[in-house]
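Each chain is listed here by its residues.
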Amino acid sequence: MRFHPLTLLAPALVLTQPAVAEVYLTPEQAQAALFPGQALTPLPVTLTGAQVDAIESKSGVDVRNKAVQAWRAPDGATFILDEVLGKHEFISLAVAISKDGAVQGVEILEYKESYGHEVREAEWLAQFKGKTAADTLKLEKDVTNISGATLSSKHVTDGVHRLLVTWNVALKP
Amino acid sequence: MSPSSPKARRARPLLGTVVEVRIDTATAPPGAAIVAAFEAVARVQRLMSFHGPDSDLTRLNRMGHCRPVPLHPWTVDVLRRAQALHRATGGLFDPAVAPALVDLDFLPMPTADRPGRGTIADLVVEGGAGFSDRPLWLDLGGIAKGYAVDRAVDALRTAGATAGAVNAGGDLRVFGEAPQAITVRDPADPGRHWSLGEFQEAAIATSAGYHIARATAAGPVMPVIDPRDGRALPVGPSVTVVAADCVTADALTKPVLLSGLASPPWLAALGGQALWLDGKDTA
């Protein structure tokens, strides 16, 4: 890795955790954020094979889990917890859908990235041993500000679309 | 309070990416500030989306050459900044390259008539409206994300946040007295990060090919179009720009990449600094 000449910016290669993992909300906090002050009732649903087929054909997205984690609000709105998996990312999310089938809100609960190089991480780390230990500790604490594209939210968009179709097929009040 | 123990931190899918809002210190409960920050980002998305059927930008691209199109003050603000940066960079920053982005499938085909040659300098923005003599397809994807980050930081501060950060898919701004550590993804291995040091009241944006490249006969390319010949840049080094605000940092990554210069002369005049990271893993 080489750098072009710089006057002020002086970057240093510092080992950070090989995977970015952020937890934003617990399921309970997401319920409270999307349905403030409302008591939700669990609405356990297990999709039938026919429902899975219908959801997959209407949304164009695979259904990975037949058990739907859903709750109903007093006003007929629905709260669904779900997760989406991309090539390198895992995102768990909460979606609020109104009685009429409109998305009222989407919150990301947890975002994880992994590039699958944990295996060679030990080898890679060995070159820097003794040089970056202090910075490593510091960065593990402060790793939240990362510049450079995050993975696209296409998987999230697809996931929300799939949940809207799921609502239509199996959860409509 | 250190960034490791924020008062509040939330993330939502917006602007085609994951937008994270974090409050470290505040003079008021953080809930309302978080809501206001996401509302600001969502408003920028509604106004300036290339895909949105009713966005200001879509109406401008469709009708701007027929009659003046009324625009929200934020859209006016972004278009004027885009024009100023177009002039300052000698034309290297130009949102009018959308037709080339559509051809490469980086953007969907709009319903508006396809324009001929034209630049954002052909656009006239006055009296809260935009119009041009010739059809233009403008894409604000290279500047609106940074603008949204700035408006979100404004909203956080107005609602009592005194320190924190907003990160829209890697274009970010930190605010408050305590310096915050910033890292940049390695373009050859985006799970690996380079430390840039600690920053206070600064914005940082990066353009790189990972996650978003398109395959062409000439190899993978990035959604960065050279306005001089309409070609997309091949995937290679990443450019990170540090500036006082995120709209400047976000917009300038593209012209710095296109200039091929470590630090083009206009960059310092605009208050920016650039960092090139090589795309080849030659450590």
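Keep in mind it's a predicted model, so treat the numbers as computed, not measured. (Residues numbered from 1 in each chain as written. Chains lettered and ligands numbered in written order. Predicted model: local features only at pLDDT ≥ 70, side-chain atom pairs only at ≥ 80, totals over all residues. Heavy atoms only, no water.)

Caption draft 1: Expanded view of the overall build of chain A. Scanning chain A from N- to C-terminus turns up five helices and nine strands. Seen in sequence order, chain A has helices and strands lined up from the N terminus as β-β-α-β-β-α-β-β-β-β-α-α-β-α. The buried share of chain A, taken over its 173 residues, is 47%. In chain A, 65% of the contacts between residues at least 6 apart in sequence involve partners at least 24 apart. For chain A, the accessible surface area stands at approximately 8900 Å², while carbon and sulfur atoms represent 55% of it. (Helix = DSSP H or I, 4+ residues; strand = E, 2+ residues; numbered from the N terminus. Buried < 20%, exposed > 50% of the residue type's maximum accessible area, 1.4 Å probe, protein only. Contact = heavy atoms within 4.5 Å. Areas by Shrake-Rupley, 256 points an atom, 1.4 Å probe, with all protein chains shown as cover.)

Caption draft 2: Structural context of the pattern of salt bridges. Counting across every chain of the model gives 17 salt bridges over all chains. Between Arg12(B) and Glu107(A) there is a salt bridge, with its nearest N and O atoms 2.7 Å apart. Taken together, the residues Arg12(B) in strand 1 (residues 8–14) and Glu107(A) in strand 8 (residues 103–113) connect one chain to another. Taking relative accessible area as the criterion, Arg12(B) reaches 22% and is therefore assigned partly exposed. Glu107(A) sits in the buried class, given a relative accessible area of 1%. By sharing partners, the salt bridges in this structure join Glu22(A), Arg9(B) and Glu20(B) into a single network. (Salt bridge = Lys/Arg side-chain N within 4 Å of Asp/Glu carboxyl O.)

Caption draft 3: Spotlight on the packing of helix 5 (residues 144–158) of chain B against helix 6 (residues 246–259) of chain B. Residue and element names in this part refer to chain B. Close contact between helix 5 and helix 6 brings their axes to 7 Å; oriented N to C, the two are set at 165°. Considering the angle they form, helix 5 stands roughly antiparallel to helix 6. Every pair of crossing elements has a handedness; the one defined by helix 5 and helix 6 is right-handed. Contacts from Ala 144, Lys 145, Gly 146, Tyr 147, Val 149 and Asp 150 in helix 5 reach Cys 246, Val 247 and Asp 250 in helix 6. (Axes fitted to C-alpha atoms, helices over the stretch in contact; angles between N-to-C directions. Parallel < 35°, antiparallel > 145°, perpendicular 65-115°, else oblique. Left-handed = near helix turned anticlockwise from the far one by under 90°.)

Caption draft 4: The arrangement of the sheet that holds strand 4 (residues 123–126) of chain B in detail. Residue and element names in this part refer to chain B. Strand order in the open sheet formed by three strands is 3-5-4, with antiparallel pairing between adjacent strands. Each of the sheet's edge strands pairs with one partner strand only, and the pair in question is strand 3 (69–70) and strand 4. Relative to strand 5 (residues 129–132), strand 3 is paired through two bridges, and the arrangement is antiparallel. Pairing of Pro 70 across the sheet is with Ala 129, part of strand 5. (Pairing = 2+ DSSP bridges.)

Caption draft 5: Representation of the nonpolar core in the model. Counting 80 residues, the largest nonpolar core has Met48(B), Leu79(B), Leu138(B), Ile143(B) and Leu156(B) as its most contacted members. Among the elements that make up this core, the one with the highest residue count is helix 1 (residues 30–48) of chain B (ten residues). Ranked by size, the runner-up nonpolar core spans 38 residues in total, among them Ala77(A), Leu93(A), Val165(A) and Leu171(A). (Core = buried A, V, L, I, M, F, W, Y, C linked by side-chain atoms within 4.5 Å.)

Caption draft 6: Structural context of the confidence of the model for chain B. Averaged over all residues, the pLDDT of chain B is 92; the fraction at 70 or higher stands at 96%. Here the predicted complex scores 0.88 on pTM and 0.84 on ipTM. (pLDDT = per-residue confidence, 0-100.)

Caption draft 7: Examining the sheet that holds strand 13 (residues 231–234) of chain B more closely. Residues and elements named next belong to chain B. The three strands lie next to each other as 11-12-13, forming an open sheet whose pairing is antiparallel. Of all the strands in the sheet, the pair left with one neighbour each is strand 11 (214–216) and strand 13. Sheet twist, expressed as the average angle between the axes of neighbouring strands with direction ignored, equals 65°. The sheet strands contacting helix 6 are strand 12 (219–226) and strand 13, and the helix crosses strand 12 at an angle near 115°.

Caption draft 8: Region of interest: helix 5 (residues 154–171) of chain A. Over its 18 residues, helix 5 of chain A extends 24 Å from the first C-alpha to the last, a length consistent with the 26 Å expected when each residue adds 1.5 Å. Every buried residue of helix 5 of chain A is listed here: Val156(A), Gly159(A), Val160(A), Arg162(A), Leu163(A), Val165(A), Thr166(A), Trp167(A) and Leu171(A). (Expected span 1.5 Å × (residues − 1).)

Caption draft 9: Just the packing of aromatic side chains, in detail. Under the counting rule described, the total for this entry stands at three aromatic pairs over all chains. Among the aromatic residues, those joined into a cluster by ring pairs are Phe35(A), Trp71(A) and Phe79(A). The ring centre of Phe90(A) lies 5.0 Å from the NZ or CZ of Lys112(A), which sits over that ring. Seen from the ring of Trp74(B), Arg43(B) lies directly overhead, with NZ or CZ sitting 5.0 Å from the centre. (Phe/Tyr/Trp six-rings, centres within 6.5 Å; stacked < 30°, edge-to-face > 60°. Lys NZ or Arg CZ within 6 Å of the ring centre and 35° of its normal.)

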